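Architecture at a glance
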Amino acid sequence: MQALHDFVILIKETRPERIGSIYLPAYDDSDPAEAPPYTGTIVSVGPKVTSPLVPGDRVAFGDLAAKSFENDGQLFMLLRANQISAVLKKDLQVL
């Protein structure tokens, strides 16, 4: 699977219900402004992406920026590269 133009394909990580013994608050779908950032791992980068993104990078993005699709039973997210907020270090968790 290859992303086209300035798009990036990634696999969205699931948000844990808790970290250790600390329960994370539930996200209220009624207010998109309060949505936490989501994380995912890049699978494919389009040829017109000018930022230094490569497959395997773990990134943060807003959930409303991405479109989801399924391929061979796997759920993927498609978004423009400029909608990615940050490249995350491997040991960093977004709450």
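Located above this text is the structure these notes cover.
Throughout what follows, the structure given in this document is the object of discussion. Since we're looking at a predicted model, the values are computed, not measured.

Some remarks on the nonpolar core
Counting residues in each nonpolar core, the largest one holds 14 residues, and the members touching the most others are Val8, Ile42, Leu53 and Ile84. Those elements that provide at least two residues to this core are strand E1 (7-12), strand E4 (38-45), strand E5 (58-61) and strand E7 (74-80). Among the elements that line this core, the one with the most residues is E4, at three residues. If we ignore the near neighbours within four places in the chain, the residues touching Ile84 are Val8, Ile42, Leu53, Val59, Ala60, Phe61 and Leu79.

A look at the environment of Tyr38
Its place among the elements puts Tyr38 in strand E4. On a C-alpha basis, the gap between Tyr38 and Val59 in space is 8.3 Å, while along the polypeptide they are 21 residues apart.

Describing the pairing of E5
The side chains of a regular strand alternate, residue by residue, between the two faces of the sheet. Neither face of E5 is left uncovered, since the one carrying Arg58 and Ala60 and the one carrying Val59 and Phe61 both have all their residues buried. As paired elements, E4 and E5 share four bridges and run antiparallel to each other. Bridging from a neighbouring strand, Tyr38 pairs with Phe61 of E5. Relative to strand E8 (residues 84-88), E5 runs antiparallel, the two sharing four bridges. Bridging from a neighbouring strand, Arg58 pairs with Leu88 of E8.

Regarding the side chain of Arg58
Inspection of the secondary structure puts Arg58 in strand E5. Note on Arg58: relative accessible area 16%, which makes it buried. Among the polar contacts listed, one links the side chain of Arg58 to the side chain of Glu13, at a separation of 2.8 Å.

Notes on the packing of aromatic side chains
Scanning all chains against the criterion turns up one aromatic pair. Measuring from ring centre to ring centre gives 5.6 Å for Phe69 and Phe76, while their planes differ by 25°; the resulting arrangement is stacked. Residue Phe69 is classed as partly exposed on the basis of its relative accessible area of 28%. A relative accessible area of 8% means that Phe76 is categorised as buried.

A few points about a nonpolar patch on the surface
Nonpolar side chains collect at one region of the surface, where Met1, Ile11 and Val43 lie side by side and expose about 220 Å² of accessible area between them. Take Ile11: it is sitting in strand E1. Judged by its relative accessible area of 31%, Ile11 falls in the partly exposed class.

Quick notes on the rules
Residues numbered from 1 in each chain as written. Predicted model: local features only at pLDDT ≥ 70, side-chain atom pairs only at ≥ 80, totals over all residues. Heavy atoms only, no water. Core = buried A, V, L, I, M, F, W, Y, C linked by side-chain atoms within 4.5 Å. Buried < 20%, exposed > 50% of the residue type's maximum accessible area, 1.4 Å probe, protein only. Helix = DSSP H or I, 4+ residues; strand = E, 2+ residues; numbered from the N terminus. Contact = heavy atoms within 4.5 Å. Pairing = 2+ DSSP bridges. Polar contact = N/O pair within 3.5 Å; in protein donor to acceptor, adjacent residues only side chain to side chain. Phe/Tyr/Trp six-rings, centres within 6.5 Å; stacked < 30°, edge-to-face > 60°. Patch = residues over 30% accessible without salt bridge, like charges linked within 9 Å, V, L, I, M, F, W, Y side chains within 5 Å. Areas by Shrake-Rupley, 256 points an atom, 1.4 Å probe, with all protein chains shown as cover. Salt bridge = Lys/Arg side-chain N within 4 Å of Asp/Glu carboxyl O.

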